[in-house]
Amino acid sequence: MTALPKAELHVHLEGTLEPEDMARFARRNGLALPWVTPDELRAAYSFTGLENFLAVYFAGCGVLRTRADFRELTAAYLRRAAGQGVRRAEMLFGPQAFLDHDVPIDDQLGGITDAIAEAREETGIEGALLVSAHRHRTEADALELLDLIRPWRSHVLGVGLGSAERGNPPAKFARYFAAARGQGYRTTCHAGEEGPAAYIREALEVCDVDRIDHGYTATDDPSLVSLLADRQVTLTMCPLSNLRLRVTDDLRTYPLKRLMDAGVPVTVNSDDPSYFGGYVNENYEAVTEALQLSDADVITLARNSFTGSFAPAEETAKALAELG
Ligand code: ADE
Ligand code: ZN
């Protein structure tokens, strides 16, 4: 899979924090973790669902405190992604967890954007930043976040919405998405991971987002599948995440190929690779094996990753030419 040029469109920077680095950052910042060794931490990676995972994920976020931490985290992910044939990575990042620990926004976004620039020099990978709000918080909090990142407008390509889905429908954030669009951001929303197909429809029809993160439950509503195909809305699916969070219990019934066959532009992504047992290539490999995908299917997935990205047209054209 490394030889296949691809874009990664759904990865949370916080979810790329490897156990060894979590322990190292905790030590460096004088913080205690509930897990003493990286092996103990790995043992905690047996999740019963999204909310149970998010508790471990937010505990991990607690060790990231300095500009250097964010820079090293981003650099490590981009180096690894480039090594897997990723040409472009659109990375979600949720500042609210770090603002809770009084980490200034300039340290957070400054560290990340420094690493993006350095990685471009080092390996040629294009990194882009998508700032994500937490849906378990209020829409007022999300609007406040938009205000806070305003000085970083030129460094932030888009905004998203993540965290606990059930009971927090996209419509709760309609004004957030409208304000973001008004400021020129591209938009993406987690929908249909644990939430119903109706949340995917709401993200499109009420929030008018450009892209859907996950979209796993779309096949529950055939008319929604037709809408996704007609409007050519990209779904950023994450097979190993869905398996580890018990969204699906068997990748052999994973709806990715059915959605592709229905004309929906689906892509394969890692979500939180250090927690779910695989980076983007391991996700491609898992679905290829489970669904017996052909070489042509895999190339279609890679093409979709570029056409579904928020890249400038010339960059996308160059990547598609490379795929042949
Ligand atoms: N934040 C990080 N990973 C997430 C996921 N799988 N779903 C929702 N929010 C997230
Ligand atoms: Zn996600």
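Above this text you will find the structure in question.
Residues numbered from 1 in each chain as written. Chains lettered and ligands numbered in written order. Predicted model: local features only at pLDDT ≥ 70, side-chain atom pairs only at ≥ 80, totals over all residues. Heavy atoms only, no water.

Quick notes on the pairing of strand β6 (residues 211-214)
Turning to step 1, where the next piece is worked out: In the sheet, strand β5 (residues 186-191) pairs with β6 via four bridges, with the strands oriented parallel. Paired with C189 across the strands is I212, a residue of β6.
Turning to step 2, where the next piece is worked out: Between β5 and its parallel partner β6, the chain crosses via helix α9 (residues 197-205), and the hand of that crossover is right-handed.
Turning to step 3, where the next piece is worked out: Taken together, the three bridges between β6 and strand β7 (residues 234-237) define a ladder with parallel strand orientation. Along β7, the bridge assignment pairs R211 with T234.
Turning to step 4, where the next piece is worked out: One crossover worth recording links β6 to the parallel β7 by way of helix α10 (residues 222-231), and it is right-handed. (Pairing = 2+ DSSP bridges. Helix = DSSP H or I, 4+ residues; strand = E, 2+ residues; numbered from the N terminus. Right-handed = clockwise from strand over helix to strand, strands pointing away.)

Comments concerning empty space enclosed by the protein
Turning to step 1, where the next piece is worked out: Counted according to the given criterion, the structure contains one cavity of 30 Å³ or more.
Turning to step 2, where the next piece is worked out: Of the pockets and cavities examined, the largest cavity occupies roughly 170 Å³.
Turning to step 3, where the next piece is worked out: The wall of the largest cavity is formed by 19 residues, among which H12, L54, Y57, G162 and S163 lie closest to the centre.
Turning to step 4, where the next piece is worked out: Secondary structure elements with two or more residues in the lining of the largest cavity: α3 (50-61), β2 (86-93) and β3 (126-134). (1 Å grid on protein atoms, 1.4 Å probe; cavity = no way out; pocket = protein on both sides within 12 Å on 5 of 7 lines; lining within 4 Å. Points joined across faces, edges and corners; volume = space filled by probe spheres on them.)

Section: the sheet that holds strand β1 (residues 6-12)
Turning to step 1, where the next piece is worked out: If you walk across this open sheet you meet the eight strands as β1-β2-β3-β4-β5-β6-β7-β8, and the pairing is parallel. Across the chains shown, the open sheet's two edge strands, defined by having one partner strand only, are β1 and β8 (266-268). Averaged over all adjacent pairs, the angle separating strand axes in this sheet is 25 degrees, with direction ignored.
Turning to step 2, where the next piece is worked out: Examined bridge by bridge, β7 and β8 share three bridges and lie parallel to one another. In the sheet register, T236 faces β8, and the bridge partner there is T267. (Axes fitted to C-alpha atoms, helices over the stretch in contact; angles between N-to-C directions.)

Overview of the coordination of the zinc ion (ligand 2)
Turning to step 1, where the next piece is worked out: The protein atoms that coordinate the zinc ion (ligand 2) are H10 (NE2), H12 (NE2), H190 (NE2) and D271 (OD), at distances spanning 2.0 to 2.2 Å.
Turning to step 2, where the next piece is worked out: Taken together, the four donor atoms coordinating the zinc ion (ligand 2) span angles of 83 to 170 degrees at the metal, a pattern that classifies the geometry as irregular.
Turning to step 3, where the next piece is worked out: On the primary sequence, the residues serving as donors to the zinc ion (ligand 2) are separated as H-x1-H-x177-H-x80-D. Placement of H10 in strand β1 and of D271 in the loop between β8 and α13 (273-276) is noted, with a sequence separation of 261 residues between them. Here H10 and D271 have matching classes, each one buried. (Donors = N, O, S within 2.8 Å, 3.2 Å for Na, K, Ca; no water. Tetrahedral: all angles 85-135°; square planar, octahedral: opposite > 155°, others 65-115°. Buried < 20%, exposed > 50% of the residue type's maximum accessible area, 1.4 Å probe, protein only.)

What to know about helix α14 (residues 280-291)
Turning to step 1, where the next piece is worked out: Between its terminal C-alpha atoms α14 stretches 17 Å, which fits the 16 Å expected from 12 residues at 1.5 Å a residue.
Turning to step 2, where the next piece is worked out: Where α14 is concerned, the buried positions are V280, N281, N283, Y284, A286, V287, T288 and L291.
Turning to step 3, where the next piece is worked out: Taken together, the buried residues of α14 touch β1, β2, α11 (239-244), α12 (256-261), β8 and α15 (295-307).
Turning to step 4, where the next piece is worked out: Q292 sits one or two residues past α14 and shows a positive phi near 50 degrees. (Expected span 1.5 Å × (residues − 1). Contact = heavy atoms within 4.5 Å.)

Some thoughts on the site of ligand 1
Turning to step 1, where the next piece is worked out: Contacts to ligand 1 come from H12, L50, F53, L54, Y57, G162, S163, H190, E193, H214, D271 and D272.
Turning to step 2, where the next piece is worked out: Within the side chain of E193, an N or O atom sits 2.7 Å from a nitrogen atom of ligand 1.
Turning to step 3, where the next piece is worked out: Bound to the protein, ligand 1 loses 98% of the 260 Å² it would expose on its own.
Turning to step 4, where the next piece is worked out: With respect to the pocket detection grid, ligand 1 is positioned in the largest cavity. (Near = heavy atom within 4 Å. Polar contact = N/O pair within 3.5 Å; in protein donor to acceptor, adjacent residues only side chain to side chain. Areas by Shrake-Rupley, 256 points an atom, 1.4 Å probe, with all protein chains shown as cover. Sits in = over half its atoms within 2 Å of the grid points.)

Observations regarding the nonpolar core
Turning to step 1, where the next piece is worked out: Counting residues in each nonpolar core, the largest one holds 102 residues, and the members touching the most others are I149 and L256.
Turning to step 2, where the next piece is worked out: Looking at this core, the element that brings in the most residues is α3, giving six residues.
Turning to step 3, where the next piece is worked out: Setting aside its immediate chain neighbours within four residues, I149 contacts I105, L109, V131, V156, V159 and Y185. (Core = buried A, V, L, I, M, F, W, Y, C linked by side-chain atoms within 4.5 Å.)

Observations concerning helix α7 (residues 139-148)
Turning to step 1, where the next piece is worked out: Of the positions making up α7, those classed as buried are E139, A142, L145 and L146. Down the axis of α7, the smallest arc covering the buried residues is 110 degrees, so these residues share one side. Exposed side of α7, more than 90 degrees from the buried face: A140 and E144 are the residues found there. (Arc of directions from axis to C-beta.)

Observations concerning the environment of M1
Turning to step 1, where the next piece is worked out: Tracing the backbone through its elements, the reader meets M1 in the segment before β1.
Turning to step 2, where the next piece is worked out: In this structure the C-alpha to C-alpha distance between M1 and V233, which are 232 residues apart in sequence, comes to 25 Å.
Turning to step 3, where the next piece is worked out: Those residues in contact with M1 that lie beyond four places of it in its chain are K6, Q84, N281, Y284, E285, T288 and V298.

Let's talk about the environment of A179
Turning to step 1, where the next piece is worked out: Looking at the element boundaries, A179 is found in helix α8 (residues 174-182).
Turning to step 2, where the next piece is worked out: A residue is classified by how much of its surface remains accessible, and A179, at 27% relative accessible area, is partly exposed.
Turning to step 3, where the next piece is worked out: Along the primary structure A179 and V86 are separated by 93 residues, whereas in three dimensions their C-alpha atoms are 31 Å apart.
Turning to step 4, where the next piece is worked out: Apart from the residues within four sequence positions on either side, A179 is in contact with L143 and L146.

Description of the side chain of H10
Turning to step 1, where the next piece is worked out: H10 sits in the buried class, given a relative accessible area of 0%.
Turning to step 2, where the next piece is worked out: For H10, the side chain forms a polar contact with the side chain of D271, separated by 2.8 Å.
Turning to step 3, where the next piece is worked out: Apart from residues no more than four positions distant in its own chain, H10 is found in contact with E90, L92, H190, D213, H214, T236, C238, N269, S270 and D271.

Shape descriptors only; they carry no functional weight alone.
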